[in-house]
Amino acid sequence: MAEFLLELFSEEIPTCLQKNLRERLLDQFQKFFIEKSIKSKKSFSFSTPNRLIIVFEGVEKEIKTLSEEIKGPKTNAPDQALEGFIRSNKIEKKDLFKNNTEKGEFYFYKTKSKRLKTHDLLVEFIPKILGKHQWKKSMKWGEFDLNWGRPLKSIMSVFDKKVVNFQFHHISSSNYTFLDKDFEEKKKFFKDFKSYEKHLKKQGTLIDQDKRKKFIEKEFFKILNKKKLTIRDNPKLIEEVVNLVDNPNVLLCNFDKKFLSIPKEILILTMQSHQKYFPTFDDKNEVTNNFLIVVNKKDQKGLIKIGNERVIEARLSDAEFFWNKDKTQNLVKRVSELKLMNFFKGLGTYFDKVQRMRKLGGMISDELLISKEKVELSSSICKTDLTSDLVGEFPELQGIMGGYFSAYQGFDKDISLAITEQYLPIGLDSRVPKKPFSVALSVTDKIDTLVGFFGINEKPSSSKDPFALRRIALGIIRTIIENKKDLKLNDLLNYSANLYKEQGNEFTNQDLQKELYIFLKDRFRYYMREKQIRHDIIEASIYSFSLNKLFSSFEKAKSLNKIINNQEGIDITSSYKRASNILEAEMKNNEVEINNTTDPGIFKTEFEKNLYKKISEIKKYYSNINNDENYEKSLSILAEAKKEVFEFFDNVKVNEDNETLRKNRLELINLLCKTFQNFINFQLLKANNE
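A short tour of the structure in this document, coming up. (Residues numbered from 1 in each chain as written. Predicted model: local features only at pLDDT ≥ 70, side-chain atom pairs only at ≥ 80, totals over all residues. Heavy atoms only, no water.)

1. Some remarks on the overall build of the protein
Filter applied, for reference: Each helix corresponds to a stretch of at least 4 residues labelled H or I by DSSP, and each strand to a stretch of at least 2 residues labelled E; elements are numbered beginning at the N terminus. Based on C-alpha atoms, the radius of gyration is set beside the globule rule, defined as 2.2 Å times the residue count to the power 0.38. Burial status follows relative accessibility: with a 1.4 Å probe on protein chains alone, a residue under 20% of its type maximum counts as buried, one over 50% as exposed, and anything between as partly exposed. Computed with the Shrake-Rupley method and a 1.4 Å probe, the accessible areas treat only the protein chains shown as cover for residues. Note that His is not counted, nor are the chain ends; the positive residues are Lys and Arg, and the negative ones are Asp and Glu. Every charge is mapped to an atom, namely NZ of Lys, CZ of Arg, CG of Asp or CD of Glu.
Secondary structure assignment for the protein yields 25 helices and 17 strands. By the compact-globule yardstick of 26 Å for 690 residues, the protein is too spread out, its C-alpha radius of gyration being 36 Å. Seen through its principal axes, the protein has C-alpha atoms that stretch 100 × 90 × 55 Å. The proportion of buried residues among the 690 residues of the protein is 49%. Of the roughly 35900 Å² of accessible surface on the protein, a fraction of 47% belongs to carbon and sulfur atoms. In the protein, 120 positive and 100 negative side-chain charges are present, and the distance between their average locations comes to 5 Å.

2. Some remarks on the packing of helix α7 (residues 264-274) against helix α8 (residues 303-326)
As a reminder, the rule being used: Here, axes are lines fitted to C-alpha atoms. For helices the fit covers the stretch in contact, and angles between N-to-C directions go from 0 to 180 degrees. Each angle gets one of four labels, with under 35 degrees taken as roughly parallel, over 145 as roughly antiparallel, 65 to 115 as roughly perpendicular, and the rest as oblique. Helix crossings get a hand from a simple test, with the near helix turned counterclockwise from the far one by less than a right angle marking a left-handed crossing and a clockwise turn marking a right-handed one. What makes two residues a contact is simply this: any of their non-hydrogen atoms within 4.5 Å. Ten residue types, Ala, Val, Leu, Ile, Met, Phe, Trp, Tyr, Cys and Pro, are classed as nonpolar, four, Asp, Glu, Lys and Arg, as charged, and the remainder, Gly among them, as polar.
Where α7 contacts α8, the two axes come as close as 11 Å, and the packing angle between them is 135°. In terms of their interaxial angle, α7 and α8 are classed as oblique. Where α7 crosses over α8, the two elements pack in a sense that is right-handed. Along the contact surface, α7 presents Ile266, Leu267, Thr270, Met271 and His274, while α8 presents Ile312, Arg315, Leu316 and Ala319. Split by residue class, the contact of α7 with α8 holds six nonpolar, two polar and one charged.

3. A look at the pairing of strand β7 (residues 104-110)
Quick reminder of the rule: Each pair of strands is called paired provided DSSP finds at least two bridges between the two strands.
Two elements, strand β5 (residues 69-74) and β7, share four bridges in a ladder whose sense is antiparallel. Looking at β7, one finds that Lys74 is bridged to Phe106.

4. Here we look at the packing of aromatic side chains
Test applied: Note on aromatic pairs: the rings of Phe, Tyr and Trp (six-membered ring only in Trp) are paired at centre separations within 6.5 Å, and the planes decide the class, stacked below 30 degrees, edge-to-face beyond 60, tilted for the rest. Working rule: Lys NZ or Arg CZ, within 6 Å of ring centre, within 35 degrees of ring normal, means a charge sits over the ring.
Under the criterion given, the structure shown has 42 aromatic pairs. Taken together, the aromatic side chains of Phe4, Phe29, Phe32, Phe33, Phe56 and Phe125 make up a single cluster linked through ring pairs. A cation over an aromatic ring shows up here: Lys556 above the ring of Phe679, its NZ or CZ 5.5 Å from the ring centre. Against the face of Phe646 rests Arg578, its NZ or CZ located 4.8 Å from the ring centre.

5. Some points on the sheet that holds strand β6 (residues 96-101)
Two strands in a sheet stick together by hydrogen bonds in their backbones, pointing the same way (parallel) or opposite ways (antiparallel). Across the sheet, which stays open at both edges, the three strands sit in the order β5-β7-β6 with antiparallel pairing between neighbours. Each edge of the open sheet carries a strand with a single partner, namely β5 and β6. In this sheet, adjacent strand axes meet at a mean angle of 40° when their direction is disregarded. Its contacts with the sheet put helix α2 (residues 79-88) on β5, β6 and β7, and the angle it makes with β5 is roughly 160°.

6. Section: the sheet that holds strand β1 (residues 2-10)
Within the open sheet, the five strands sit side by side as β2-β3-β1-β9-β10. Their pairing is antiparallel. Pairing within the sheet leaves two strands with one partner each, and these edge strands are β2 (42-47) and β10 (162-163). As paired elements, strand β9 (residues 152-159) and β10 share two bridges and run antiparallel to each other. Within the sheet, the bridge partner assigned to Val158 lies in β10 and is Val163. Strand contacts of helix α1 (residues 15-35): β1, β2 and β3 (51-59), with the helix running at about 30° to β3, the strand carrying the most contacts. On the sheet, helix α3 (residues 118-132) packs against β1, β3, β9 and β10 and is oriented at approximately 155° with respect to β9.

7. As for unusual backbone geometry
Cis peptide bonds are those with omega within 30 degrees of zero, and the linkage from Leu424 to Pro425 qualifies with -10°. Looking at the element boundaries, Pro425 is found in the loop between α14 (413-420) and α15 (436-455). If you check the backbone angles, Asn285 has positive phi at about 65° while not being a glycine. With respect to the helices, strands and loops of the structure, Asn285 is situated in the loop between β16 (278-281) and β17 (287-295). Positive phi, normally seen in glycine, also occurs at Asn457, with a value near 65°. Turning to its location among the elements, Asn457 is positioned in the loop between α15 and α16 (469-482). Given a relative accessible area of 34%, Asn457 falls into the partly exposed group.

8. A short note on helix α17 (residues 489-502)
In plain terms, the rule: Helix span, as expected, comes to 1.5 Å for every residue beyond the first. The arc under discussion is defined with respect to the helix axis, by the directions toward the C-beta atoms.
Compared with an ideal rise of 1.5 Å per residue, which puts 14 residues at 20 Å, α17 spans 20 Å between its outermost C-alpha atoms and is within 8% of the ideal. Within α17 the residues assigned to the buried category are Leu489, Leu492, Leu493, Ser496, Ala497, Leu499 and Tyr500. In an axial view of α17, the angular spread of the buried residues amounts to 155°, which keeps them on one side of the axis. Facing away from the buried side of α17 by over 90 degrees, the exposed positions are Lys501 and Glu502. Elements in contact with the buried residues of α17: α10 (350-368), α15, α16, α18 (512-530) and α20 (550-563). Of the residues flanking the end of α17, it is Gly504, one or two places downstream, whose phi is positive at about 90°.

9. With respect to the environment of Leu666
Position of Leu666 relative to the elements: it lies in helix α25 (residues 659-676). Between the alpha carbons of Leu666 and Asp650 there is a distance of 15 Å; along the sequence they are 16 residues apart.

10. Observations regarding helix α13 (residues 400-408)
Here α13 has its buried residues at Met401, Gly402, Gly403, Phe405 and Ser406. In this structure, the buried residues of α13 make contact with α7, α8, α9 (331-334), α12 (389-393) and α14. Backbone geometry just after α13 places Gly410 at a positive phi near 90°.

11. Here we look at the side chain of Ser365
Tracing the backbone shows Ser365 in helix α10. Excluding residues that lie within four positions of it along the chain, Ser365 makes contacts with Ile370, Ser371, Lys372 and Val375.

12. A few points about the environment of Gly104
With respect to the element layout, Gly104 can be found in strand β7. Judged by its relative accessible area of 23%, Gly104 is partly exposed. Spatially, the C-alpha atom of Gly104 lies 71 Å from that of Leu611, the residues being 507 residues apart in sequence.

13. Description of the pattern of salt bridges
We count it as follows: When a carboxyl oxygen of Asp or Glu lies within 4 Å of a side-chain nitrogen of Lys or Arg, that pair is called a salt bridge.
With the rule as written, the count across this model stands at 39 salt bridges. Taking the shortest distance from any N to any O, the salt bridge between Glu7 and Arg51 comes out at 2.8 Å. Of this pair, Glu7 sits in strand β1 while Arg51 sits in strand β3, and the two are 44 residues apart along the sequence. Across the pair, Arg51 and Glu7 agree in class, each one buried. In this structure, Arg525 engages Asp522 in a salt bridge whose closest nitrogen and oxygen atoms are separated by 3.7 Å. Here Arg525 and its partner Asp522 are both found in helix α18, three residues apart, which amounts to about one turn of the helix.

14. Let's talk about the nonpolar core
Heads up, the rule is: The term nonpolar core refers to a set of buried residues drawn from Ala, Val, Leu, Ile, Met, Phe, Trp, Tyr and Cys, joined through side-chain atoms within 4.5 Å.
Among the nonpolar cores identified, the biggest contains 129 residues, and Leu450, Leu489, Leu560 and Phe682 are the most heavily contacted of them. For this core, the element with the most residues is α15, which contributes 10 residues. Those residues in contact with Leu450 that lie beyond four places of it in its chain are Leu469, Ile472, Ala473, Ile476, Leu516, Phe519 and Leu520. Ranked by size, the runner-up nonpolar core spans 35 residues in total, among them Leu6, Ile13, Phe125 and Trp141.

This is how it looks when you write it as structure tokens:
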């Protein structure tokens, strides 16, 4: 058994490309080993900013290929076809034999089993595998034809302690690597992975990304525990810094406490997104002037710490300047500046958008029974922070800074909060606005955007959604449902479309309302799936779906999903299924026309009377409820009908010879099914034994 070691040494590969590189290339090599029947015990891949390492352990040095029959042309094919087959397979005519198949008689030849050296296969196929790798972004350099993520410097390739010699574009493989990316004259030869890893580790280089991550997290814990500080969970940033370093070292730095007067979002964003630092928080979850950094070497003289503190000082000084300038700029006066900012081609400017939002928000305020003036004011100024220097520098803070500006300038707290939360929720797990004015502004903004982009046919495709319209639609649905409030969404969508037309925007989508209905229905289905609601209950809920009843439909589905597998759920579904199955069978076998009229006067049994009485009780219950339906109670009432339903079917002959009695009993069963369907379309539910 032998070992295969491959290292690709290049200039620094961006963090976003490293994971894909190590996973995809390892996968390609694993497929190659399988295709060539090369057995190995273990394989893995590592990456650092400069190195991609692939290792296979316990590899067979030699493989034996089995003989196989290769099919050639038909026996009646032209001579040229046969000659081409002989030439391409490097055989002679005497090696051929004929064989009959389902498609006729063909020439065949049988290959001989042979032994191949794994080393030779690696020489042949490594360049091919490397050449197949598809980069998301690649580059060329110098006069070379090679496309790679960053300039490739060397390839170390060793099998069974010997170099695997091959040529990949302008680079010849070898059994050495560079020890220092900055001093390429420092080379070292290696025969196996163990000595390679050990030597690099001695220099402080951890090639295993998982070990680097554990080291960094351990150092974080030690420092934070000592200082009684915390950091927020940020897997994406951790992953990024792990791939930025190979000789990790964690430092605790700080900045001047005066910057803590700046809104904390600016501090956090500056440190995390711009500098890849980790802000720290005290026991009250307030941001502190300490932060953690991960650097790529030991800071023997403290110069790295000083340098990073100077960088953050400069960044925060700029932020402080912008904050002090922007917070004093009158937001109402800034509304006119939105005329210079295009929202989207065909949808007007941001000034046009806020005018539409002001009117649409007024309509929503009537439904939510809140101050129309406040909603209109928050709609008018909600986008003005886009004209600020701070949002120009930190686009991620739009909305948040508007909230700070409005609070500083003395606007009502409800208005400031609404502006801060206007973009929420931003995903399935994101926080949803809960205050009425925040709900109004959030839904208003999203409806305006959704209607506009659908109106000009900028809709999501199966694989692309460049304007995040699926997320926006889900945000509308979540905001409505999680605030336990049905909104007349159909009317709001229609009104929004009319507001665009009033501004002179011509929509090219002639099926706007229909497509919005289908799109929101699909997003509602997705939302319920994510809430672990059973598939058939979802389909039953949206059978007669209304955009105006999102919350009600969801609550019905959730309540039924909760009890569907217990006795109450079984009683409901078994009652309905027994009734609907008999009704369906009788309707098929008899030419009976149901006209929804049951005559209690011709009932012949107590069982018919009891069932009719129970149905009447359920109908009375539904006629007395408005928008305050208790769905658990509704289901309980339906479940209680099982006794009368089963006694009826156990004791009454539905397929009566007397046509009048038969029709009346079928009418009774039909009345039962329709009464159940006041809650949901039970016809689409699976029985518990299905």
